[in-house]
Amino acid sequence: MKPYIEWTKEELVAEKARLEQEFAEVKAKGLNLNISRGKPAAAQLDLTEGMLTVLSKNEDTFAEDGTDCRNYGVLTGIPEARKLIGDICEVSAENVIVYGNASLTIMFDTVARSFLKGVAGCTPWNKLDKVKFLCPVPGYDRHFGVTEYFGVEMINVPMTPEGPDMDMVEKLVAEDDAIKGIWCVPKYSNPQGYTYSDETVRRFANLKPAAKDFRIFWDNAYIIHHLYDDRQDHLLNIIEECEKAGNPDMVYEFVSTSKVSYPGAGIAALISSEANLKEAQEYMNFQIIGHDKLNQLRHVKFFQNLDGVMNQMKKHAEILRPKFEAILQVMDQELSGLDIASWTKPNGGYFISFDAMEGCAKKIVAKAKEAGLTMTGAGATYPYHNDPQDSNIRIAPSFPTPEELEIAGQVFVLSVKLVSVDKILE
Ligand code: PLP
């Protein structure tokens, strides 16, 4: 296919008429499809069948150390749950606190705690004139939502396939002590599916921030979420690298089993240095007597160990892979060579990142909606919902069936082509 930009005006006008006709036919079908959020499909939730009955009798509810998980207590999580999370993250159980059912709560709470009480004895952020965060873009909308809620000034840092632009990160954190954090999704990033290179991780671990209370918010949400057996990304262990670099307290790592077991009822954890966990615990002391230990125990009994978890991830991949492939195939077939877009082909995670021609993303999402396809709002992948290029669109293929995704793909590429032809004809 020849790039649209090389087509004559007559050819483009004819193409537009043809696309409009096709679009009208699709619209008439009254579709109702949704590729807006990274929600596991019911078939994935079914994989965890058995967890709900794994504790069926009173005597099942005791942890290995004899703790009665039905009762109050054990602030940092039962030891076997800390170990399981530690094994997933390749850290020791002492580096892990298991919380409740969502890592986003821990992230929100960590920011809230920094505002209220400060970090490592530094001034609480609410007493400062300015607090800034670096935000690799495009990124996860809910991260940006948290910092926006607290009035943090967010600074865009461009992402590359190796991770954030580290020259920029190093320079900014060294120069400005108002920069207190950076949001990272280091593996199979949301939305590109990129994994930070070893060099990027080492550069993170060796940062020399002006602010003593600067922290890396390392959201390892997709740490074991591979799509293929033979094409897996590898991420260096940030906890280890920070220790080696003499910066053990610079990182908070977050994980959860939201996309391993149940997104509404998994277990989530904070992984960090002894000093950071102590500080988190001092705050938690006033917050809660102990999280849901029965759920922690259910997870350990159901999965048994890391092998059990990885086995489950393979089953997730078998369900997810055909979905990614279905929509990628339509995009490859229909858009390759037209020079109007680029998109990622991740080895894992939950998303595909799509970049349209500048100024087209909002129109494409609106056009797709007209034909019954709901997508993540254009701009959502940027702080303040402001994509300066108006070009990025996040695609979340996990929820619909592969057949629905093929149709969704057709609607999407039609919308992309129509908006792009219009733009070129302008
Ligand atoms: N972090 C990232 C990068 C995500 O994409 C998501 C969900 O889509 C979450 C966190 C939410 O995790 P949890 O369910 O543990 O709050």
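The rules behind each value
Residues numbered from 1 in each chain as written. Predicted model: local features only at pLDDT ≥ 70, side-chain atom pairs only at ≥ 80, totals over all residues. Helix = DSSP H or I, 4+ residues; strand = E, 2+ residues; numbered from the N terminus. Rg over C-alpha atoms; globule rule 2.2 N^0.38 Å. Contact = placed C-beta atoms within 7 Å. Buried ≥ 20, exposed ≤ 12 C-beta atoms within 10 Å, placed from the backbone. Core = buried A, V, L, I, M, F, W, Y, C linked by C-beta atoms within 7 Å. Domains from an automatic or database assignment. Pairing = 2+ DSSP bridges. Axes fitted to C-alpha atoms, helices over the stretch in contact; angles between N-to-C directions. Arc of directions from axis to C-beta.

Colleague: How should the overall build of the protein chain be read in this particular structure?
Modeller: Secondary structure summary: the protein chain contains 13 helices and 13 strands in total. By the compact-globule yardstick of 22 Å for 426 residues, the protein chain fits well, its C-alpha radius of gyration being 23 Å. If you line up the protein chain on its principal axes, its C-alpha atoms span 75 × 55 × 35 Å. A separation of at least 24 residues holds for 76% of the contacts in the protein chain among residues at least 6 apart in sequence.

Colleague: Sorry if this is basic, but what is going on with unusual backbone geometry here?
Modeller: The phi angle of most residues is negative, glycine excepted, and most peptide bonds adopt the trans form. In this chain, Val137 is followed by Pro138 through a cis amide linkage whose omega measures -5 degrees. With respect to the element layout, Pro138 can be found in the loop between strand S3 (132–137) and helix H5 (141–149). In this structure, the amide linkage connecting Asn190 to the following residue, Pro191, adopts the cis form with an omega of 15 degrees. Position of Pro191 among the secondary structure elements: in the loop between strand S6 (179–184) and helix H7 (198–205). Positive phi is not limited to glycine here, since Val74 has a value of about 60 degrees. Relative to the elements of secondary structure, Val74 occurs in the loop between helix H2 (42–46) and helix H3 (79–89). The phi dihedral of Tyr188 falls on the positive side, at around 45 degrees, and the residue is not glycine. In this structure, Tyr188 sits in the loop between S6 and H7. Looking at Tyr188, the number of C-beta atoms within 10 Å reads 26, which means it is buried.

Colleague: Would you mind showing me how to read the nonpolar core here?
Modeller: Grouped together as the largest cluster of nonpolar side chains are 114 residues, with contacts concentrated most on Val255, Ala269 and Ala356. With ten residues, the single largest contributor to this core is helix H13 (residues 402–425). Domain assignment of the residues forming this core places at least three in each of domain 1 (4–44 + 310–425) and domain 2 (65–304). For Ala356, the residues in contact, after removing those within four places along its chain, are Ile340, Ala341, Ala361, Ile364, Ser391, Ile393 and Val416.

Colleague: What am I meant to see in the sheet that holds strand S4 (residues 153–160) here?
Modeller: What holds strands together in a sheet is hydrogen bonding between their backbones, with the strands either parallel or antiparallel. Strand order across the open sheet formed by eight strands is S2-S9-S8-S7-S6-S3-S4-S5, with mixed pairing between neighbours. Every interior strand has two partners, whereas the edge strands, strand S2 (96–98) and strand S5 (163–164), have only one. Against the sheet, H5 makes contact with S3, S4, S6 and strand S7 (215–219), and its axis sits at roughly 160 degrees relative to S4, the strand it touches most.

Colleague: Help me out: how do you make sense of helix H6 (residues 166–175) in this one?
Modeller: Each turn of an α-helix holds 3.6 residues, which means side chains three or four residues apart point in the same direction. Every buried residue of H6 is listed here: Met166, Val169 and Val173. The buried residues of H6 occupy one face: seen down the axis, they fall within an arc of 55 degrees. Opposite its buried face, H6 presents the exposed residues Asp167, Lys171 and Glu175, each directed more than 90 degrees away. Close packing links the buried residues of H6 with S3, S4, S5, S6 and H7.

Colleague: Is there a simple way to think about the sheet that holds strand S13 (residues 392–395) in this case?
Modeller: In spatial order, the strands read S10-S11-S13; together these three strands make up an open sheet with antiparallel pairing. The open sheet has two edge strands, strand S10 (341–343) and S13, and neither has a second partner. Strand after strand, the sheet turns through a mean of 20 degrees between neighbouring axes, direction not considered. Note: strand S11 (residues 352–356) against S13, four bridges, orientation antiparallel. The residue bridging Ser353 from the neighbouring strand is Arg394, located in S13.

Fair warning: the whole summary comes from geometry, so function is off the table for now.
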